[in-house]
Each structure stands twice: as structure tokens, then as C-alpha cells.
Amino acid sequence: MAAPTTVRTDLPADYRPWPALWAMVIGFFMILVDSTIVSVATPAIMQGLDSDVNAVIWVTSAYLLAYAVPLLITGRLGDRIGPKYVYLAGLALFTVASLWCGLTSTIAMLIIARVVQGLGASLMTPQTMAVITRTFPAASRGQAMSLWGATAGVAILVGPLLGGLLVDGPGWEWIFFINVPIGVVAFVLAMRLVPRLETHSHTFDWVGVALSAVGMFLLVFGIQEGETYDWGQINGILSVPLLIVAGLVIFGLFIFWQSRIRTEPLVPLGLFRDRNFSLSNIAISSVGFSITGMAFPFMLYAQVVRGLTPTRSALLLVPMAVLSAALAPVAGKLTDRIHPRTITAFGLALCSASLFWLSRVTTVDSKTWLLLLPMALMGVANAFMWAPLAATATRNLPLSSAGAGSGIYNTTRQVGAVLGSAAIAALIEARLTANLPGVPQDMSQRTSGVKLPPQIADGFATAMSQTLLLPAAVLLIGVVAALAFTKPTH
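Residues numbered from 1 in each chain as written. Predicted model: local features only at pLDDT ≥ 70, side-chain atom pairs only at ≥ 80, totals over all residues. Heavy atoms only, no water.

- By the naming in an unreviewed UniProt entry, the chain is Drug resistance transporter, EmrB/QacA subfamily, taken from Pedococcus dokdonensis.
- Under the UniProt heading Subcellular location (unreviewed entry), the entry covering the chain gives this text: "Cell membrane".
- In the Sequence similarities (unreviewed entry) part of its UniProt record, the chain is described as follows: "Belongs to the major facilitator superfamily. EmrB family." (UniProt positions renumbered as here; feature names shortened; annotations may be inferred.)

In C-alpha cells, the structure reads:
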């Protein structure tokens, strides 16, 4: 695929891209924090809204689902209207929805508010990568992507830490209220610093939007709710396996439609002729799945088995967040200099190893320092995953397809996160049933935030340990994809 090797020429001669990127990174950081911040607040939300684990996991799954599905079209909106204005619209929607989330009094209303919040996030995310692609030269894009990658990696890890401090302090509602002042500041900075970029006319594939949305919902609902209904009938009407199969079939129809549509497709399949773009999408979906999936079982283990407060539970993630942030600039510089296969495969393999290690020390009587070691290793891994993957995916994107390409890339990341959230919810329930036979199914719900009695704690810890093996294994798919990267031509 032909690729531009220089930045756009219609920007002012004295234009500096870094201030604009920093302005957008604030909002990007905020929306990614909200992908994982609920994990540490799960027990508090269950108690505050009189809910159960599966319903609270839907608070995250609904957000991720509403975030993922529209990304394909919101990337195109950025190309057509301009990334600045689409980003600002999304930021405003996200900020207002955050206020709504904090004011809700029922779990159903919180889930609805999170859907609106996810829609705002979906408008914002593709614009950050599109601005990088369209304002930084390809040869130096790795350093810009290192900031984007560090933001993505650190935000997903900081979410539980920030959530713990807020839950133990003013209350779980403040994990949402805090977004309001940050959103206002981010809006003002983006309005002043992000440039107006040239727009490109695009048509919109509404059939593709409908197919992708329905397919994703059926797949996620079937996976997440399957254990609840014993993988059988839902209220005697629908079969859970049938829902999953229907979701897969509709996804197949979506791909077929994209290959046949005469106007502009929602997913330009021609972009996948770039081998590195295709492989990067596979790898980032495994990252989204694993990072999102590991947070729930680990936070439940820390609070329910070890009896830690939300803040003390989240402090277990500090080594991961600190090392990820500290090493991200190093990874960004290396991204522009060495073969992407080397750096990304290293990061992905290291992350998988850290999760396998963590699963072995997630026991009732593990010393705290034994938990901190794999967390530190995961921090190193994160630095060498996010930025190199993003830079490799976007290096050869033509400027006219920057929004579409970044939309596809972020969609696959979010699809991975949605499936990770759904799969981990089903696996947690299955492992608790297997390891705690005869214990009431709502035991973990009635004791959330309170240390379990010894006769139950061991089985609960074993269930969480076994659950962590799934995200560790999924990351190996990303390792295989990264090992197949080719060296960039420029």
C-alpha cells in the first residue's frame, strides 16, 4: 500500500504538533481510566445499589460495548467533519454522562448512563490517533505514539488505583464525578491547541453499523450471561449457545457485506493488505482482552480474600503503573530504530509471563511482595506493548484513511476488551461454582468488601487464580502475531 512519508503541507510553517497531542491525551487518559476504574469499586457499587457481581460487570461491559461498536464510523466522522470537532463533541458527551453516572440510584440507570459515556468515548478515541498520523512524519511517529501508548497503558492500570482512593474517600460516585472538572479543562485545551485539519468526504455504511452492533451485542450477551442460565434457555425463550452462534453468523455477514458494498465500506478491507496493520489488530485485541480481563478477578481476590480496602488493593498495581510510565519513552525511541517484531513480541511475551506468574501467587497466604513482583514485570511489559503496536499499525496508513484506520485499530482493541470482560465474568462464575460446591451462589456478593471465612477463602482464591490463566493464554496469540511483523519500508 502506498504510504505518505511526510506530514501534511497545509499546516502552518510554525505549527508544533506536541501541544495539540498533549491536549488530546488528557481526554484520552480519562476515557481509558473509566474502562477499568469500576473493577475496584465493584463491591461498593454492589452494596450501594443492592446488586450482584454479574450486574456490576455489565456496568463495565455496557461501557466497553457502547465504546467499541461505533468506533468504525466515528473514525470516518473525523475524516469527514474534522478530528477536532468530533473529539470535542465526544468529550462534551462523555463529561455530561459522567455526571449522570454519579447521580444514579439504581444499577439499571447506571448501566444506561455508562452506555452514553461509552458513546462519547467512541467519538474521541480515533481522533487522537488520526491527529498523530496526520501531523507527525512517519519516520518519527514512534515517539508520538509512545505518548499515546503510555497514556493507554498507564490509564488502564491507574484506573483501579484512582478508584480505590475515591471509593475509600468520598464514595464510589466520585469515580465518575471526578471526570467533570477534568473534562472541562480538557475541552478548553483542545479547543485552543488542536488544529483544524483538512476533511475528506466519506459515505456512511449504516447497514454495516447495524450488522456490527447486533453481532457484537449477541456475542457479548451470550458469553457473559451463559453461566447465569447454565448455558441453556433464557426465560424459556432463547438459547444461549444460539445467541452466540447468531452473533458469529452476523459478524460473518458483516465481513461479506464489507467486501460487496459498492459505495465506501465501513471497514476498508484494502487496509488489511498491509501485513503489519492486520497483525497489529490481532495483537492489540489480545492486549485489550487480557488487560481488561485480569482486573476483575485480581481486585475481587484482593478485597474478598485478603480483606484489603479498595485503596490498599489498588496500591498493589503501583509497580505496574510506575514502570509502565517510566519505560514508555524508552520504548517509543526504540520503536523508530529497531524491528517492530523484536520489541512488540518481547512486551507481549513478558505480559503473558507476568500473568501466569501472578496466577501462581494468588493464594490465601501469599506475602504481599510476592504479588508486587509479577505486577512490576507487567509494568515493563506494558511499556513495550502499547506504543510499538500503535506505531506499527499506523505507519503505512494513507492520510485520507487515517480516521478509518485508527477507528479499525481502536475497534479491535475495544472488541478484545469487551470479550475479555464478558469471558472473565463467565469464567469467574464457573470457577466459583467448581471450587466452592455447596456454597450459596451469592456468597461472594454478600461478603464483598469483607474478608471471607477461612473455609471459603481458599476456594475463592483458587477460582480467581484459575481465572487469571485465561488472559495470560490469550496474550500468546498476540505474541504469535507480533513475531510475523515485517520491517517497515520507511
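Describing the overall build of the chain
No. 1: Of the regular secondary structure elements, the chain holds 20 helices and 2 strands.
No. 2: Put simply, the chain has 490 residues, and 61% of those count as buried.
No. 3: Accessible area of the chain: about 17,800 Å², with a carbon and sulfur share of 68%. (Helix = DSSP H or I, 4+ residues; strand = E, 2+ residues; numbered from the N terminus. Buried < 20%, exposed > 50% of the residue type's maximum accessible area, 1.4 Å probe, protein only. Areas by Shrake-Rupley, 256 points an atom, 1.4 Å probe, with all protein chains shown as cover.)

A word on the nonpolar core
No. 1: The biggest cluster of nonpolar side chains holds 139 residues, and the ones touching the most others in it are Ile31, Ile45, Leu110, Val287, Phe298, Leu358 and Phe460.
No. 2: Here this core takes 17 residues from helix H11 (residues 275-305), the largest share from any one element.
No. 3: Dropping the residues within four chain positions of it, Leu110 is found in contact with Ile45, Leu49, Val59, Cys101, Thr104, Trp172 and Phe176. (Core = buried A, V, L, I, M, F, W, Y, C linked by side-chain atoms within 4.5 Å. Contact = heavy atoms within 4.5 Å.)

Some words on the side chain of Asn281
No. 1: Among the structural elements, Asn281 can be located in helix H11.
No. 2: Given a relative accessible area of 4%, Asn281 falls into the buried group.
No. 3: Filtering out sequence-adjacent residues up to four positions away, Asn281 remains in contact with Phe272, Ile408, Tyr409 and Thr412.

Remarks on a nonpolar patch on the surface
No. 1: The grouping of Leu93, Val115 and Leu119 at the surface amounts to a nonpolar patch, some 190 Å² of accessible area in total.
No. 2: Residue placement: Val115 occurs in helix H5 (residues 107-135).
No. 3: Given a relative accessible area of 31%, Val115 falls into the partly exposed group. (Patch = residues over 30% accessible without salt bridge, like charges linked within 9 Å, V, L, I, M, F, W, Y side chains within 5 Å. Salt bridge = Lys/Arg side-chain N within 4 Å of Asp/Glu carboxyl O.)

Quick look at helix H3 (residues 71-81)
No. 1: Within H3, 8 of the 11 residues are buried, leaving the element largely enclosed by the surrounding structure.
No. 2: When we look at burial in H3, the residues that qualify are Leu71, Leu72, Ile73, Thr74, Gly75, Arg76, Gly78 and Asp79.
No. 3: One or two steps after H3, the chain reaches Gly82, where phi turns positive at roughly 115 degrees.

Comments concerning the packing of aromatic side chains
No. 1: Under the counting rule described, the total for this entry stands at 6 aromatic pairs.
No. 2: A ring pair is formed by Tyr63 and Tyr67, whose centres lie 5.8 Å apart and whose planes are at 70 degrees; its orientation type is edge-to-face. Of this pair, Tyr63 and Tyr67 are both found in helix H2 (residues 53-68), 4 residues apart, which corresponds to roughly one turn of the helix.
No. 3: Over the ring of Tyr63 we find Arg114; its NZ or CZ atom is 4.2 Å from the centre of that ring. (Phe/Tyr/Trp six-rings, centres within 6.5 Å; stacked < 30°, edge-to-face > 60°. Lys NZ or Arg CZ within 6 Å of the ring centre and 35° of its normal.)

Let's talk about the pattern of salt bridges
No. 1: Applying the stated criterion across every chain, the model contains 1 salt bridge.
No. 2: For Asp34, the salt bridge is made with Arg114, and the minimal N-O distance between the two is 3.4 Å. Taken together, the positions of Asp34 in helix H1 (residues 17-48) and Arg114 in helix H5 put the pair 80 residues apart, joining distant regions of the chain. Residue Asp34 shares its accessibility class with Arg114, and that shared class is buried.

What about the packing of H1 against H11?
No. 1: The geometry of H1 relative to H11 is characterised by a closest axis approach of 9 Å and an angle of 45 degrees between their N-to-C directions. Taken together, the axes of H1 and H11 are oblique relative to one another. By crossing handedness, the relation of H1 to H11 is classed as right-handed. Between H1 and H11, the residues in contact are Ser39, Val40, Thr42 and Pro43 and Ala295, Phe296, Met299 and Gln303, respectively.
No. 2: Classifying every residue of the contact of H1 with H11 gives 5 nonpolar, 3 polar and no charged. (Axes fitted to C-alpha atoms, helices over the stretch in contact; angles between N-to-C directions. Parallel < 35°, antiparallel > 145°, perpendicular 65-115°, else oblique. Left-handed = near helix turned anticlockwise from the far one by under 90°. Nonpolar A, V, L, I, M, F, W, Y, C, P; charged D, E, K, R; others polar.)

Quick word on the packing of helix H13 (residues 318-335) against helix H15 (residues 368-383)
No. 1: Interaxial distance between H13 and H15 falls to 7 Å at its minimum, and their mutual angle equals 25 degrees. Classified by the interaxial angle, the pair formed by H13 and H15 is roughly parallel. Crossing geometry of H13 relative to H15 is assigned as right-handed. Touching Pro319, Met320, Leu323, Ser324, Leu327, Ala328 and Ala331 of H13 are Leu372, Met375, Ala376, Met378, Gly379, Val380, Asn382 and Ala383, all from H15.
No. 2: By residue class, the composition of the contact of H13 with H15 is 12 nonpolar, 3 polar and no charged.

Here's the deal with the side chain of Thr95
No. 1: Secondary-structure assignment places Thr95 in helix H4 (residues 83-103).
No. 2: Residue Thr95 is classed as buried on the basis of its relative accessible area of 11%.
No. 3: Ignoring sequence-local partners within four residues, the contact set of Thr95 consists of Met30, Asn179, Val180 and Gly183.

Details of unusual backbone geometry
No. 1: In this structure, Asp50 takes a positive phi of about 50 degrees despite not being glycine.
No. 2: Structurally, the position occupied by Asp50 is in the loop between H1 and H2.
No. 3: On the accessibility criterion, Asp50 (72% relative accessible area) is exposed.

A closer look at the environment of Ala481
No. 1: Tracing the chain through its elements places Ala481 in helix H20 (residues 469-483).
No. 2: Take Ala481: its relative accessible area is 5%, and that puts it in the buried class.
No. 3: The sequence separation of Ala481 and Ile284 amounts to 197 residues, and the corresponding C-alpha distance is 9.7 Å.
No. 4: Once residues within four sequence positions are removed from consideration, Ala481 is found in contact with Leu279, Ile282 and Ala283.

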